[in-house]
Number of protein chains: 4
Amino acid sequence: MVDKLKVAVLGATGLVGQRFIQLLCNHPWFEINYIAASQASIGKRYKDSVTWLVETPLPENIGNLTIQSAEPEAIPKNIDIVFSALPSNVAEKIELSLAKRGFTVVSNSSPLRLEPDIPLINPEVNWDHLKLIKVQKKKRKWKGVIIKNPNCTTAILTLSLKPLLEEFGLRKIIVTTLQAVSGAGLRGVPSILIIDNIIPFIKGEEEKVENESMKILGKLENDSVKPASISISAMTTRVPVIDGHLEVVHVELLKEHSVNVIADTLKMFKSKPQELSLPTAPQKPIIVRFEEDRPQPRLDRLEGKGMSIVVGRISKAAKIGGKWIKYIVLGHNTIRGAAGSAILVAELYVKLEGMI
Amino acid sequence: MVDKLKVAVLGATGLVGQRFIQLLCNHPWFEINYIAASQASIGKRYKDSVTWLVETPLPENIGNLTIQSAEPEAIPKNIDIVFSALPSNVAEKIELSLAKRGFTVVSNSSPLRLEPDIPLINPEVNWDHLKLIKVQKKKRKWKGVIIKNPNCTTAILTLSLKPLLEEFGLRKIIVTTLQAVSGAGLRGVPSILIIDNIIPFIKGEEEKVENESMKILGKLENDSVKPASISISAMTTRVPVIDGHLEVVHVELLKEHSVNVIADTLKMFKSKPQELSLPTAPQKPIIVRFEEDRPQPRLDRLEGKGMSIVVGRISKAAKIGGKWIKYIVLGHNTIRGAAGSAILVAELYVKLEGMI
Amino acid sequence: MVDKLKVAVLGATGLVGQRFIQLLCNHPWFEINYIAASQASIGKRYKDSVTWLVETPLPENIGNLTIQSAEPEAIPKNIDIVFSALPSNVAEKIELSLAKRGFTVVSNSSPLRLEPDIPLINPEVNWDHLKLIKVQKKKRKWKGVIIKNPNCTTAILTLSLKPLLEEFGLRKIIVTTLQAVSGAGLRGVPSILIIDNIIPFIKGEEEKVENESMKILGKLENDSVKPASISISAMTTRVPVIDGHLEVVHVELLKEHSVNVIADTLKMFKSKPQELSLPTAPQKPIIVRFEEDRPQPRLDRLEGKGMSIVVGRISKAAKIGGKWIKYIVLGHNTIRGAAGSAILVAELYVKLEGMI
Amino acid sequence: MVDKLKVAVLGATGLVGQRFIQLLCNHPWFEINYIAASQASIGKRYKDSVTWLVETPLPENIGNLTIQSAEPEAIPKNIDIVFSALPSNVAEKIELSLAKRGFTVVSNSSPLRLEPDIPLINPEVNWDHLKLIKVQKKKRKWKGVIIKNPNCTTAILTLSLKPLLEEFGLRKIIVTTLQAVSGAGLRGVPSILIIDNIIPFIKGEEEKVENESMKILGKLENDSVKPASISISAMTTRVPVIDGHLEVVHVELLKEHSVNVIADTLKMFKSKPQELSLPTAPQKPIIVRFEEDRPQPRLDRLEGKGMSIVVGRISKAAKIGGKWIKYIVLGHNTIRGAAGSAILVAELYVKLEGMI
């Protein structure tokens, strides 16, 4: 490869933006050429504007970059990929305008995720949905393209469900989540509300999990995604944990299978990103632990550099019916659940498009 | 009432023991006459032996009591009720011996809870199971009696389920818990395992919830309890919260009902302890909150002096079927879930027996 | 007493404002007649506008009060005392205007605390500084009056220092604080910054402690306060604790004294508020603990209903000189350190003025 | 180098033992040949016996090692260095016996640290004290040798003090610590004591800080260490932080200096380990931060792979005298403060002895 592809990061000072910076700053294919944040930060050096909360130090060269405008007209034409970590309230307008102007937008923000012609990609789960791009281009007449990665909780959940769906079929899913505070952004959860406490509600989260999962686990047929015929109910809570969403899952399979077979199916799972050896693809997307007390957020969230999910406590919920199983799944919410996923989507796209 | 009944507290230095002390020290019917703890503490003053962790100060007169032996032969004959907060590994032997010697034992410890002739009482839920005492006396030929109160998580869960069972009928229950560290006792959860973390496992807890609930929600028929024909699956986790177990519950009812009807049914629920105006009975056993982000452990655990449970976020889980509802319930694990329940059981017993 | 005095609470929805409401709602002398908060809340019921975070429930009657404007012209003339928990950036202007209009303002906000003619009162420590009111009225030609209570950390520190100053004389004070998150207000400390972490800085706090202490511990001479001839250095940090500031204090006395004498002096300390039996005055302003591991925020912050401070670990710091002692002091930051103090100031004032 | 030196780790399952394993498992000079733990673990594989709490995964090859006895007679003769992370109550006897048998013992345990002929080494601070070995061999007639590294808090403190002592001279030091729970070992701090709380006492810690610092900062003269003529007073507390001790330091210098000069002196400090480019030596032993709110445990503890300390908030404490300064220092307690220090001591020793 002669040159790296040039990328922009919009919303670079937020928690997800910081993860984008961290994961991109030594990336073999991509180089950060443009970082943008809100009005108040424009013109400042990144390091003077960000409250850097990632556990590895901010690289000096990135720290010295000047923050630019996120306005579509300001983005240089030579940017190959625009990563968006923009807040929901401004994301849609900017991303639509960018696509019109010909940019390839890979976005972690929530608007437009459920649009029929916009691929919502969790790379190992539904990489083939990227084919929606053709539909999108045709319908929208854009030179550019918008690709979305899922909500954090959904990304972790659907990765654990995919092999079960393929091998055994799924009927009902009931999931309760224990989500880290980083998922709410820097100022999302005041400390006085979470020390010695649980907040049993996260605005909009349950709808996202229920709706996005249907699309991601759906099948691409005749240029559109047919939602999976599964039913999901989610209850989401916020817990005093820095990083790592833990999800307690009950699943009704189409028929009964042994715990061993289920565990094997999960841990053997690989998909296109592994096959293509994409730089950000974890060797093992799903790590299965057999200890009685794992996964744990603090100890397991960085497995596979934060891109693997960890499944544990797989067992049968036989009392409620032989086809019911239960397990716990953990994933790093700002890596597998956000910036890492988006970067893996971008890798998949540029590889499949032959840009690299 | 001329004289208070004399009570003993066994296992008085543990966290549940401390709650017994707190709740009994100004009790209108009971007075603490004997406190016992493990060998190493015998002969010391209570205040020199306990790591007092209750948020109200240790009463001076109790603090000065001398700790006695928990051996059955050491308990004075004039003790009317023996409250047991003994650790599981020693509880069974001591309690059986006490009952043989003629004592009335009200016990929070887990052994024997599932014995067919031993009443397992969550006062508002199955006060009528106290009638098993007759069976017990007949079968065991004891002069005394053993009555159990349930596991903490079970006590909270079954209280929320009882009105639903009665009014609507229940089929399946799927519950995920977020449990406070006080439930594990003083040394149960090392801080290095729980700061910025979740432990997704509590030894024996899920079996207790699944099994005890069946007995508590069961019907007394022909001198034995016929387990409820409900199926339960529980997943239990430990979270960084001091007091208050939060439980996320999915329930399949026998037929569909509106959220309003369900909420009304829960909040109107009263039972024998309220009818008898027992001293420890909360005026409202179930408090229903309609805010989107309640109940929360730190803010709601002391409702009804820790004896009420708080239910919130009641809604339909329509995607998985019209008969499914979901809600969150919170209860104080060492009050409603342990010492408070036991004391309410004792109050019920002495009232029904005419001892007061 | 025929009628209660009518009070207003400005800034009623903040954390200190909530403490005012809690402490005033059953007050024997005062009744809440007016509550004000920021523009966005005006016209709403209090309970619909506040994120109530106090551990006792919001009284129904207060919850139904309508929030009014904090603009001086809006405050009814018949209000006897205006309690101000206004944010610093708006407090000064409003309070000055209120005093001009004839109101008695007792304020917890920081502006004006160091003005020579404005009494800065920690009731047990310098109640006699209330005499500055005469100077104030003369100089400012106000019909009303402004009285301030100190910064939270300062209130706790100076109460512990007062008996030492009087009995032994003080030279140097070096204090390191571990402060609760409630001191920063509802949104002051994002949870992602404080879980598994310490923030070793609190804006403006060290200056407040150093400067306000000099005034509070100073002597009233010839109508002005002569600052104490003591020198103080403070380092302040924020820790993951809900309520309760803990302060580690090294003190150089004027001459050497035994630990026993020092402990006795602290625990025997009483002052005017105790002498007058003011409703909010704790029986013992300073509680001395002799256990090696006390005071602790969670266990000791509510001593004296949050109005006592708790001193422990008193010992000689002999290695750095015979006159040096060290101890730890804990106080409830929003009660003794804010709303409770202000109410006690008001009680003192109305009693001394014969208004009650 | 043909072969790596063979090392043993005693007390390998504790938190410090785990850090030894983590830091040694890819060490360029040392290879782990023997791991020992308490009786109950002997014969088990390491991975089956340890509660691995380090944030990086346990290497497979180490996990499969069998745990051996820590009894001196069991240690193979070909072990070049024995690292001891033994609990205090058994360390002394075992270490003395090992030295008699000819082993080189580098020990993190507290007994014997103050023995005049036993070097107590904080590598950058007093590497030259290693010369005490000659005295030790002569006096004890051992074939082997015992070298100690300091208490965690002391290691961090004295590294920050050394350049100040050398450049400016020191008179008085007053230090208040906020220490992480990992310093107390796996079961040292029950979670119920530390959530929403501070424990203002750590058994024996203050004496260790005060006494060990004198020896470490002392001068080697005529075969013995002459303690530094400095006076120290320490107050130590436990806070809800996983790793990283934060220390708030007031220092009286011999004469006045500017903050700039002090900051420069700290950040330029290098010593023998840097000169010799020892593998575990951080490039910058002391990192100085100029932001107003640093260092913070969670964000800064891994600087220099946990071997650097981070100093911030340097300022003059002018109010208590022109020669007084204050600053905050943070260090990783189980790396710089324990296992990392010990390994650096061993590197220094084998380099200076020409063993490598």
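Here, every reference points to the structure presented above.
### Considerations on the interface of chain B and chain A
Right, on to step 1. Tallying the contact residues gives 48 residues for chain B and 49 residues for chain A.
Right, on to step 2. Both faces considered, chain B and chain A share a buried interface measuring about 4,200 Å² in area, 60% of it formed by carbon and sulfur atoms.
Right, on to step 3. A per-residue breakdown of the area chain B buries against chain A is headed by D196, M235 and K319 of chain B, which together make up 16% of the total.
Right, on to step 4. One can count 10 salt bridges joining chain B with chain A.
Right, on to step 5. The salt bridge partner of K326 of chain B is E210 of chain A, with a shortest N-O separation of 3.4 Å.
Right, on to step 6. Scanning the region where chain B abuts chain A turns up 26 residue pairs in polar contact (both at pLDDT 80 or more).

### A word on helix α6 (residues 132–140) of chain B
Residue and element names in this part refer to chain B.
Right, on to step 1. Among the residues of α6, L132, I133 and Q136 are the ones counted as buried. On an axial view of α6, the arc spanned by its buried residues comes to 105°, and they lie on one face. With respect to the buried face of α6, the exposed residues turned more than 90 degrees away are K134 and K138.
Right, on to step 2. Buried positions along α6 lie against β5 (145–148), β7 (219–221), β8 (224–226) and α12 (335–352).

### Quick look at the sheet that holds strand β3 (residues 81–84) of chain A
Residues and elements named next belong to chain A.
Right, on to step 1. If you trace the five strands from one edge of the open sheet to the other, you get β2-β1-β3-β4-β5, paired in parallel fashion. The two strands at the open ends of the sheet, each matched to only one other strand, are β2 (30–36) and β5 (145–148). Sheet twist, expressed as the mean angle between neighbouring strand axes with direction ignored, is 25°.
Right, on to step 2. As defined by bridge partners, strand β1 (residues 5–10) adjoins β2 across six bridges and the pair is classed as parallel. Within β2, the residue paired with L5 across the bridge is F30.
Right, on to step 3. Across the sheet, helix α1 (residues 15–24) is in contact with β1, β2 and β3; its angle to β1 comes to roughly 160°.

### Some thoughts on the sheet that holds strand β12 (residues 309–316) of chain D
Residues and elements named next belong to chain D.
Right, on to step 1. An order of β9-β6-β10-β13-β12-β11 is seen for the six strands of this open sheet, with the pairing classed as mixed. The strands lining the two open edges of the sheet, one partner per strand, are β9 (231–238) and β11 (286–288). The average angle at which neighbouring strand axes cross in this sheet is 20°, direction not considered.
Right, on to step 2. Of the strand pairs in this sheet, strand β6 (residues 170–179) and strand β10 (residues 245–253) are connected by eight bridges, and their pairing is antiparallel. Residue pairing across strands places T177 opposite E247, the latter belonging to β10.

### Thoughts on the relation of the copies chain B and chain A
Right, on to step 1. When chain B is fitted onto chain A, the two copies agree to an RMSD of 0.0 Å after a turn of 180° and an axial shift of 0.0 Å. Expressed as an axis order, the relation between the two copies is that of a two-fold axis.
Right, on to step 2. Looking at chain B, 100% of its interface residues are interface residues in chain A too, so the copies touch through the same face.

### Considering the interface of chain C and chain A
Right, on to step 1. With 17 residues of chain C in contact, the opposing surface of chain A contributes 17 residues.
Right, on to step 2. Taking both sides of the interface into account, the surface hidden between chain C and chain A amounts to around 1,500 Å²; carbon and sulfur atoms contribute 75%.
Right, on to step 3. Across the contact surface, chain C and chain A share zero salt bridges.
Right, on to step 4. Connecting chain C to chain A are two residue pairs in polar contact (both at pLDDT 80 or more).
Right, on to step 5. Looking at the side of chain C that touches chain A residue by residue, the classes come out as 13 nonpolar, three polar and one charged.

### Things to note about the pairing of strand β6 (residues 170–179) of chain C
Residues and elements named next belong to chain C.
Right, on to step 1. The element β6 is largely enclosed, with a buried count of nine among its 10 residues.
Right, on to step 2. Pairing geometry for β6 and strand β9 (residues 231–238), over eight bridges, is parallel. Looking across to β9, one finds that K172 is bridged to S231.

Conventions adopted
- Residues numbered from 1 in each chain as written.
- Chains lettered and ligands numbered in written order.
- Predicted model: local features only at pLDDT ≥ 70, side-chain atom pairs only at ≥ 80, totals over all residues.
- Heavy atoms only, no water.
- Contact = heavy atoms within 4.5 Å.
- Buried area = accessible area lost by both parts, 1.4 Å probe.
- Salt bridge = Lys/Arg side-chain N within 4 Å of Asp/Glu carboxyl O.
- Polar contact = N/O pair within 3.5 Å; in protein donor to acceptor, adjacent residues only side chain to side chain.
- Buried < 20%, exposed > 50% of the residue type's maximum accessible area, 1.4 Å probe, protein only.
- Helix = DSSP H or I, 4+ residues; strand = E, 2+ residues; numbered from the N terminus.
- Arc of directions from axis to C-beta.
- Pairing = 2+ DSSP bridges.
- Axes fitted to C-alpha atoms, helices over the stretch in contact; angles between N-to-C directions.
- Least-squares fit on C-alpha atoms with pLDDT ≥ 70 in both.
- Nonpolar A, V, L, I, M, F, W, Y, C, P; charged D, E, K, R; others polar.

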